[in-house]
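Residues per chain, in single letters:
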Amino acid sequence: MTVTASASETRPPVQRWLLIWALALAAVLVVFLLQERLPWAVDYPADAVVPVADWVSALMRWIKSNLSWLTRSITAVLGVPLDFALDLLAKNFKIGHGADAYVLPRLSWIGVCVAAFIAGHAVGGRKLGMLVGGCFLYTALFGQWTSAMLTLALISIAVPFCIVTGLFAGIWAWRKPWAERLIISPALDLMQTIPTFAYLIPMLLLFGNSPVSAMIATAIFATPPMVRATMLGLSRVPSEIDDFSEMAGCTARQKLWRVLLPSARPTLMIGVNQVIMLALNMVIIASMIGAGGLGYDVLLALRALKVGEAMEAGLAIVALAIALDRLSQAIAHKQAKGHVQRQANQSVWRRYPNLSLAIAILVVTTLLGLFVPAFAAMPKEITFTTAPLWKAAVSWVTINFFDVIEAFRVALILNVLNPLRAFCEGFPWLGAVALLGLAGYQFGGLRLAALVAALTAFCAVTGLWEKTMATVYLCGISAFIACLIGIPIGLMAARSDRFEKIVTPIIDTLQVLPSFCFIIPVVMLFRVGDVTAMIATVAFAVVPAIRYTNHGIRQVPPALIEAAKVSGCTPRQTFFRVQLPLAFPEIMLGVNQTILMALAMIIICAMVGTRDLGQEVFIALSKADSGRGIVAGLAIAFIGIVADRLFNAWTAKARARLG
């Protein structure tokens, strides 16, 4: 009774919270109505802006001037394996200089396709082998082989770096809870919410316009999933295994490397899968600072409005993403089942027959390329191009449905987007800080309230309030529509196994598509602007809403459903009064992830003419203005952190209330 009484004294009841919120909203309305007398409370005063961007620019200039020896050393060291991978997969090895230089060919495209088939067959059977090999063959047949191999070369160097770095950082965070709480978790939150473009600016300034810059940016962006997977995997190892290793006399190092990490291998492999997909996504964007490859082809085609070329390069990205995703998932699934024990006294080719066969085929086909040109490069006579077809299809749609598309676009802009944008941009900054702080206090106490209010105020005091609210408006409407579409689809998938089998491959495909690929078809039909950004963002962000809703409904304990049926509930009552309330926290996690994905996509949509924080980052990238880009990137990250913390606190309260 004492605990209950003290809790009720410290936290206001529901009726009191309703009164507090009513008074807070009334106060904000009064501030808005009196904006002529209180202009500083509505629009942040320009003379009070803190020049954080100038400070960051000065710091970056100092680093560039005084630590150039370090950046040059890093570039030289990382350039060695990267150049080797680029020469091996996409270019040719040159031995010597000038006219006497001897050229060794890159790996044969035939050998790489066959090796991809062997890898897929080894871990997932014939179907997976055909899929993976077919994806690589597709890039060759459509003339995208060199660009695809440039992209693959960068990934092949960046991913191992991400895995090793993430593994050691995760081990440190698992061993030292204080490090996880004070260093690792805040760093991961920033790394996963800072927009991809913001990573490119300091890399461009410090390391120049080169593949090394793109690789470093990719490695930093793709490391967090490996850190989180390592912490999660080690924390889930059963205590009995830990105790057994100690009884067996293992040292701390032996226990970690020979017992705990092998036991956590399935979770670690899931982290590897996520690293690969994020690295592929980032390498495409990093094409803007010298990475080249498929992303650069898409970028050039979009700038020149070449519809067909953009679609072909985009589909090649999709093929590469599907191959790498399915292959890494199959490896993770196989690791979860356990690996085959091999005898140490066997020869290498008997212990690793598939690897030996793949290497032999690569060597033979590459050597044949010295004498048969068709082995070295796909003959142009047998390549295909669908560029004219895509261009004709878009032209046909534009000619025949222009009036309908234009009417929809204009109606959406005039009746929905413009009024919502005007409301958000005119909202008092002081009121937003106060309301979000109040929400933080209600859901998580004073600590969360102070964090949320401080991060929100940062967007105002740095002079980015109008751009921030433009980002919030576009992200908010996109996430709202994505939830309106995704949650009902997830509910239907949870109630019908047949419908789930139809939906699952669609959302799997959407999940592996790089962000560039969502922009291409939409910009062809709706041109540049907020409508294009909104539609592309909805398509990109709808997946978590579907997945989490489906999973939340299906994870409700069957015993509770049976109890509801025994109590006389109809199927509809069971669904709305038992399953849906219990799945609500899981659904809200899906909403949270939808918001974060929408925020990430909105920034990329700056390429199609949006006027928000993404545009700030994009302009800063084009001008190499590090301060402007990093501060805008931090503002975007803080929007994501505020949304994430509030939704997580709300979800935690809902879970606690439901027991």
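Rules of the game
- Residues numbered from 1 in each chain as written.
- Predicted model: local features only at pLDDT ≥ 70, side-chain atom pairs only at ≥ 80, totals over all residues.
- Heavy atoms only, no water.
- Helix = DSSP H or I, 4+ residues; strand = E, 2+ residues; numbered from the N terminus.
- Buried < 20%, exposed > 50% of the residue type's maximum accessible area, 1.4 Å probe, protein only.
- Areas by Shrake-Rupley, 256 points an atom, 1.4 Å probe, with all protein chains shown as cover.
- Lys, Arg positive; Asp, Glu negative; His and termini not counted.
- Charge placed at Lys NZ, Arg CZ, Asp CG, Glu CD.
- Polar contact = N/O pair within 3.5 Å; in protein donor to acceptor, adjacent residues only side chain to side chain.
- Contact = heavy atoms within 4.5 Å.
- Axes fitted to C-alpha atoms, helices over the stretch in contact; angles between N-to-C directions.
- Parallel < 35°, antiparallel > 145°, perpendicular 65-115°, else oblique.
- Nonpolar A, V, L, I, M, F, W, Y, C, P; charged D, E, K, R; others polar.
- Expected span 1.5 Å × (residues − 1).
- Arc of directions from axis to C-beta.
- Left-handed = near helix turned anticlockwise from the far one by under 90°.
- Phe/Tyr/Trp six-rings, centres within 6.5 Å; stacked < 30°, edge-to-face > 60°.
- pLDDT = per-residue confidence, 0-100.
- Core = buried A, V, L, I, M, F, W, Y, C linked by side-chain atoms within 4.5 Å.
- Patch = residues over 30% accessible without salt bridge, like charges linked within 9 Å, V, L, I, M, F, W, Y side chains within 5 Å.
- Salt bridge = Lys/Arg side-chain N within 4 Å of Asp/Glu carboxyl O.

Caption draft 1: Highlighting the overall build of the protein chain. A count of helices and strands for the protein chain gives 30 helices and two strands. Considering only C-alpha atoms, the protein chain reaches an extent of 85 × 60 × 60 Å along its principal axes. By residue count, 46% of the 659 residues in the protein chain fall in the buried class. With an accessible surface of roughly 33,100 Å², the protein chain has 68% of that area assigned to carbon and sulfur atoms. Charged side chains of the protein chain number 50 positive and 33 negative; the gap between the two group centres comes to 7 Å.

Caption draft 2: The arrangement of the side chain of Ser-328 in detail. Among the structural elements, Ser-328 can be located in helix 16 (residues 307-337). A polar atom in the side chain of Ser-328 sits 3.0 Å from the backbone oxygen of Asp-325. Filtering out sequence-adjacent residues up to four positions away, Ser-328 remains in contact with Asn-273 and Ile-276.

Caption draft 3: Looking closely at the packing of helix 23 (residues 465-495) against helix 29 (residues 613-623). Where helix 23 contacts helix 29, the axes come no closer than 7 Å and their chain directions differ by 120 degrees. One finds that helix 23 runs oblique with respect to helix 29. Residue-level inspection shows Lys-467, Thr-468 and Thr-471 of helix 23 in contact with helix 29, the latter providing Leu-613, Gln-615 and Glu-616. Of the residues in the contact of helix 23 with helix 29, the class split is one nonpolar, three polar and two charged.

Caption draft 4: Focus on helix 4 (residues 52-66). Spanning 15 residues, helix 4 covers 21 Å between terminal C-alpha atoms, matching the ideal 21 Å at 1.5 Å per step. By the burial criterion, the buried members of helix 4 are Val-52, Val-56, Ser-57 and Met-60. Buried residues of helix 4, seen end-on, are gathered within an arc of 135 degrees and therefore sit on one face of the element. Exposed residues lying more than 90 degrees from the buried face of helix 4 are Asp-54, Trp-55, Arg-61 and Ser-65.

Caption draft 5: Examining helix 25 (residues 516-526) more closely. Burial within helix 25 is extensive, with nine of its 11 residues counted as buried. Just downstream of helix 25 lies Arg-527, where phi reads positive at about 60 degrees.

Caption draft 6: Representation of the packing of helix 9 (residues 196-207) against helix 29 within the structure. Where helix 9 meets helix 29, the axes come as close as 9 Å, and the angle between the chain directions of the two elements is 20 degrees. Comparing their axes, helix 29 and helix 9 come out roughly parallel. Between helix 9 and helix 29 lies a crossing of left-handed hand. Seen from helix 9, the contacting residues are Phe-197, Ala-198, Leu-200, Ile-201 and Leu-204; seen from helix 29, they are Val-617, Phe-618, Ala-620 and Leu-621. Grouping the amino acids of the contact of helix 9 with helix 29 by side-chain chemistry returns nine nonpolar, no polar and no charged.

Caption draft 7: Structural detail: the packing of aromatic side chains. Applying the stated criterion across every chain yields a total of 15 aromatic pairs. On the numbers, 4.9 Å between centres and 80 degrees between planes, the contact of Phe-458 with Phe-638 is edge-to-face. Separated by 180 residues along the polypeptide, Phe-458 in helix 22 (residues 446-461) and Phe-638 in helix 30 (residues 626-658) bring together distant segments of the chain. In terms of burial, Phe-458 and Phe-638 fall into one category: buried. What links up through ring pairs into an aromatic cluster is the set Phe-443, Phe-584, Phe-647 and Trp-650.

Caption draft 8: Inspection of the environment of Trp-172 at higher detail. Along the chain, Trp-172 turns up in helix 7 (residues 145-175). The class of Trp-172 is partly exposed, set by a relative accessible area of 36%. Along the sequence, Trp-172 and Ile-184 sit 12 residues apart, while their C-alpha atoms lie 9.1 Å from each other. Dropping the residues within four chain positions of it, Trp-172 is found in contact with Trp-178, Ala-179, Ile-183 and Ile-184.

Caption draft 9: Seen up close, the confidence of the model for the protein chain. Per-residue confidence for the protein chain gives a mean pLDDT of 84, with 94% of residues at or over 70. Contacts of residues 1-11 to residues separated by more than four positions or lying in other chains number six contacts, the stretch itself having pLDDT below 50.

Caption draft 10: Quick peek at the nonpolar core. Of all hydrophobic cores here, the largest spans 182 residues; its most connected members are Phe-136, Trp-145, Met-149 and Leu-200. Top element by residues in this core is helix 16. It accounts for 16 residues. Discounting residues that sit within four places of it in the chain, Trp-145 has contacts with Arg-106, Trp-109, Val-112, Cys-113, Phe-136, Thr-139 and Ala-140. Counting residues in each nonpolar core, the second largest holds six residues, with Ala-494, Ile-553, Phe-575 and Ala-583 among its members.

Caption draft 11: Inspection of a nonpolar patch on the surface at higher detail. Among the surface-exposed residues, Tyr-352, Leu-355, Ile-359, Val-363, Leu-367, Leu-370, Phe-371 and Val-372 lie close enough to one another that they form a single nonpolar patch of about 760 Å² accessible area. Mapping Val-372 onto the fold places it in the loop between helix 18 (353-368) and helix 19 (373-376).

Caption draft 12: Spotlight on the pattern of salt bridges. For the structure shown, the criterion picks out eight salt bridges. Taking the shortest distance from any N to any O, the salt bridge between Arg-554 and Glu-500 comes out at 3.2 Å. Placement of Arg-554 in helix 26 (residues 530-554) and of Glu-500 in helix 24 (residues 497-512) is noted, with a sequence separation of 54 residues between them. Overall, the relative accessible area of 35% leaves Arg-554 in the partly exposed class. With a shortest N-O distance of 3.0 Å, Glu-616 and Arg-628 are connected by a salt bridge. In this pair, Glu-616 is assigned in helix 29 and Arg-628 in helix 30, connecting sequence segments 12 residues apart. The exposure class assigned to Arg-628 is partly exposed, which follows from its relative accessible area of 27%. Within this structure, Arg-421, Glu-425 and Asp-530 form a network of salt bridges that share partners.

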